[in-house]
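In case you want the letters, here they are:
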Amino acid sequence: ETGVTQSPTHLIKTRGQQVTLRCSSQSGHNTVSWYQQALGQGPQFIFQYYREEENGRGNFPPRFSGLQFPNYSSELNVNALELDDSALYLCASSSMGSGRVGEQFFGPGTRLTVL
Amino acid sequence: GESVGLHLPTLSVQEGDNSIINCAYSNSASDYFIWYKQESGKGPQFIIDIRSNMDKRQGQRVTVLLNKTVKHLSLQIAATQPGDSAVYFCAETDTNAGKSTFGDGTTLTVKP
């Protein structure tokens, strides 16, 4: 059983650019959630994808968007990057419908720095 | 080295002591709660969970207590070890909305 993986591990961008972060979910999991974690704070929920559709969204602007693919892997896209977007972006996978909704397994994260 | 009831951003305990980490949640609709441990440079790691129809759940060296009346959650760690040093987060989940909200973390430091 493989765990959650994310790529890249680190990324540096400049204001106004666009970025795509990738996540491979744990084997057998059909749901992916994305979180933003600023330094010294708890993760903030961005959105969740289930069966390739957005299944819930936090308080993030539309320039944060995502995709989930048939193999349940996922992408997080951020357009028009701002300095405050600098953070650790975490992907978590879970298995909806298994009776263990909410138990999420996190990847190591992608550290995004916006200059 | 224990704190009861009040959320503290940091907690320092002696190796071998018991630790209690507290968390307040806000959403009455939350029906599932998880404690996570996050070490430096890593993603959060699942420790223990509890559903809203329970008051207490025990794992290996850890116990979670849920008080729905005051919307309070606590994590008890028995015989705390240096390897327990990390940031601990509670998360409340409204499974119908598919959304998890993390609380403020507590940095636990275990002194040898």
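My aim in this report is to walk through the structure given alongside it, one point at a time. Please read these numbers as outputs of a predicted model, since none were measured by experiment.

1. Details of the layout of surface pockets
Which parts of space are left empty comes out when a probe the size of a water molecule is rolled across the atoms. The volume enclosed by the largest pocket comes to roughly 410 Å³. As for the largest pocket, its lining consists of 22 residues, and the residues nearest its centre are Gln37(A), Leu88(A), Arg111(A), Gln38(B) and Gly41(B). Across the lining of the largest pocket, the residue classes break down as 7 nonpolar, 12 polar and 3 charged.

2. Details of the sheet that holds strand S1 (residues 5-7) of chain A
Residue and element names in this part refer to chain A. Taken together, the 4 strands give an open sheet; going across it, the order is S1-S3-S8-S7, and neighbouring strands pair in antiparallel fashion. Because the sheet does not close on itself, it has two edges, and the strands there are S1 and strand S7 (64-68). Between one strand axis and the next, the sheet turns through 20° on average, direction left out of account. Both S1 and strand S3 (residues 19-24) contribute to a ladder of 3 bridges, which runs antiparallel. Residue pairing across strands places Ser7 opposite Arg22, the latter belonging to S3.

3. A closer look at the state of the cysteines
For the coordinates displayed, the defined rule picks out 2 disulfides over all chains. Note on cysteine connectivity: Cys23(A) is disulfide-linked to Cys91(A), with sulfurs 1.7 Å apart. On the sign convention where negative means left-handed, the S-S torsion of about -55° between Cys23(A) and Cys91(A) marks this disulfide as left-handed. You can see Cys23(A) sitting in strand S3 and its partner Cys91(A) sitting in strand S9 (residues 87-94), a full 68 residues away along the chain. Across the disulfide from Cys23(B) sits Cys90(B); the S-S distance is 1.6 Å. Of this pair, Cys23(B) sits in strand S2 (residues 19-24) while Cys90(B) sits in strand S8 (residues 86-94), and the two are 67 residues apart along the sequence.

Analysis parameters
- Residues numbered from 1 in each chain as written.
- Chains lettered and ligands numbered in written order.
- Predicted model: local features only at pLDDT ≥ 70, side-chain atom pairs only at ≥ 80, totals over all residues.
- Heavy atoms only, no water.
- 1 Å grid on protein atoms, 1.4 Å probe; cavity = no way out; pocket = protein on both sides within 12 Å on 5 of 7 lines; lining within 4 Å.
- Points joined across faces, edges and corners; volume = space filled by probe spheres on them.
- Nonpolar A, V, L, I, M, F, W, Y, C, P; charged D, E, K, R; others polar.
- Pairing = 2+ DSSP bridges.
- Helix = DSSP H or I, 4+ residues; strand = E, 2+ residues; numbered from the N terminus.
- Axes fitted to C-alpha atoms, helices over the stretch in contact; angles between N-to-C directions.
- Disulfide = S-S within 2.5 Å.

The values reported here are purely geometric and, on their own, carry no functional implication.
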